[in-house]
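Coordinate inspection notes
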Amino acid sequence: MPRMVALARRMLGNRADAEDVAQEVFLRVWTHAERWQPGRAQFGTWLHRVATNLCLDRLRKRRPENIDDIPEPVSGDPRPDENLERRELAERVEAALQALPERQRLAIVLSHFQGLSNIEAAEILEVSVEAVESLLGRARRQLRETLATERDEVLRINRTGA
Amino acid sequence: MMKNEISIGRLQEIVDAWGASPSRWPEAERSAAEALVAASAEARRLVDEALRLDLLLDAAPVEAPSDALMARLMAARPRPVAAPQRAPETRNRWRGLLEAVWPYGSPAIPAGTLAASIMLGILVGSAGDFSPLAETTIMASEATADDQIIALAMADIDWPEEWMQ
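A brief report on the enclosed structure follows. (Residues numbered from 1 in each chain as written. Chains lettered and ligands numbered in written order. Predicted model: local features only at pLDDT ≥ 70, side-chain atom pairs only at ≥ 80, totals over all residues. Heavy atoms only, no water.)

Close approach of charged atoms lets side chains of opposite charge pair. Throughout the structure, instances matching the rule amount to 16 salt bridges over all chains. Across the salt bridge formed by A:Asp20 and B:Arg72, the nearest N and O atoms sit 2.6 Å from each other. In this pair, A:Asp20 sits in helix α2 (residues 15–31) while B:Arg72 sits in helix α4 (residues 67–76), so the two residues belong to two different chains. A residue is classified by how much of its surface remains accessible, and A:Asp20, at 30% relative accessible area, is partly exposed. Taking the relative accessible area as the measure of exposure, B:Arg72 reaches 29% and is therefore partly exposed. With its nearest N and O atoms 3.8 Å apart, the salt bridge here joins A:Glu102 to A:Arg60. Taken together, the residues span a long stretch of sequence, with A:Glu102 in helix α5 (residues 102–113) and A:Arg60 in helix α3 (residues 43–61) at a distance of 42 residues. (Salt bridge = Lys/Arg side-chain N within 4 Å of Asp/Glu carboxyl O. Helix = DSSP H or I, 4+ residues; strand = E, 2+ residues; numbered from the N terminus. Buried < 20%, exposed > 50% of the residue type's maximum accessible area, 1.4 Å probe, protein only.)

As structure tokens, this is what we get:
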């Protein structure tokens with residue numbers, strides 16, 4: 001369940017929508033488990049597909065004129081012991097992720113954050129592995145450019161935090 | 001078919017897209033890519049470069065699910081069906097048998113535990129017949145059924161694929 005929340009959180013950019021999606025995923029699992037087809041997809045892949053489709057539905061319902069209604073990414077509960085520098089870095093990375101086109105963001109979320117295999121990611125995105133690679137390549141190129149300064153910063157923070 | 005060799009240019013495409021971890025690389029090229037990394041300083045430089053972006057992405061963790069979500073899931077969980085009423089003499093026969101093996105109080109405790117154990121055994125042992133809803137809703141012990149349902153929802157790392165193979 002935390003993985004479904006994480007997927008939705010990174011796709012939707014806010015915790016409230018992410019938890020609504022996670023709840024919907026499990027309601028569907030409980031009420032429509034028979035729709036899962038053994039042999040066609042692993043159960044975990046099927047869950048990711050359900051969560052992904054729910055996220056994409058929500059993103060499509062967000063009208064451009066209502067863009068101001070989209071909650072800003074938040075860093076969550078106060079974490080007084082966390083270094084301010086780390087929190088600011090996390091917010092900049094999160095903002096760069098949210099700025100990616102939807103399918104590029106989904107490719108990064110499934111491959112990097114959810115740790116799915118390239119075949120599973122391709123299945124959920126309904127494209128070939130080569131097409132996933134292309135989406136990932138463009139996404140990471142954009143992230144490298146957006147976060148050029150932060151790449152050095154994370155190394156420094158990791159060194160000092162070690 | 002595994003590729004025996006790949007070029008440095010192809011390795012760059014791989015790490016630029018999939019990152020520094022070989023576990024994410026395309027399976028067909030993974031061995032060849034790892035061999036190139038082991039043999040080439042330039043290949044290792046490309047992997048190190050990709051690792052910097054991986055670390056940066058990992059610097060943005062997401063929050064754990066809230067307690068409120070857990071409460072909502074608990075409230076929305078499917079409820080087990082009520083056990084049918086048995087005739088008094090049947091109940092007495094079962095009660096006598098259970099009291100013989102569990103003389104320490106309510107026989108509902110070992111009965112529920114036994115039923116839950118049997119159902120868990122069926123769940124874990126069944127092959128190609130996985131249906132979380134059907135299996136969990138017929139459990140004899142409501143508390144145990146709740147535990148199983150929540151365990152299913154929380155089974156984050158070990159999704160029950162092995163039950164279905």
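Here we come to unusual backbone geometry. If a residue is not glycine, its phi is most likely negative; likewise, a peptide bond is most likely trans. All names here are of chain A. In the Ramachandran plot, Glu126 falls in the positive-phi region, its phi being about 60° despite a non-glycine side chain. Position of Glu126 relative to the elements: it lies in the loop between α6 (118–125) and α7 (129–146). A relative accessible area of 65% means that Glu126 is categorised as exposed.

Formed by 69 residues in total, the largest nonpolar core has its most connected members in A:Met11, A:Val25, A:Leu110, A:Leu143, B:Leu11 and B:Trp25. With 9 residues, the single largest contributor to this core is α3(A). (Core = buried A, V, L, I, M, F, W, Y, C linked by side-chain atoms within 4.5 Å.)

Here we come to the side chain of A:Arg10. Tracing the chain through its elements places A:Arg10 in helix α1 (residues 2–12). It is A:Glu94 that comes nearest to the buried, bridge-free A:Arg10 among opposite-charge side chains, at 5.4 Å. Filtering out sequence-adjacent residues up to four positions away, A:Arg10 remains in contact with A:Leu97, A:Gln98, A:Arg105, A:Val109, A:Phe113, B:Ala60, B:Pro61 and B:Val62. (Lys, Arg positive; Asp, Glu negative; His and termini not counted. Contact = heavy atoms within 4.5 Å.)

Take the environment of A:Leu116 next. Residue and element names in this part refer to chain A. The topology assignment puts Leu116 in the loop between α5 and α6. It is 9.4 Å that separates the C-alpha atoms of Leu116 and His48, two residues lying 68 residues apart in sequence. Other than its neighbours up to four places away in sequence, Leu116 contacts Arg3, His48, Leu110, Ser111, Ala121 and Ile124.

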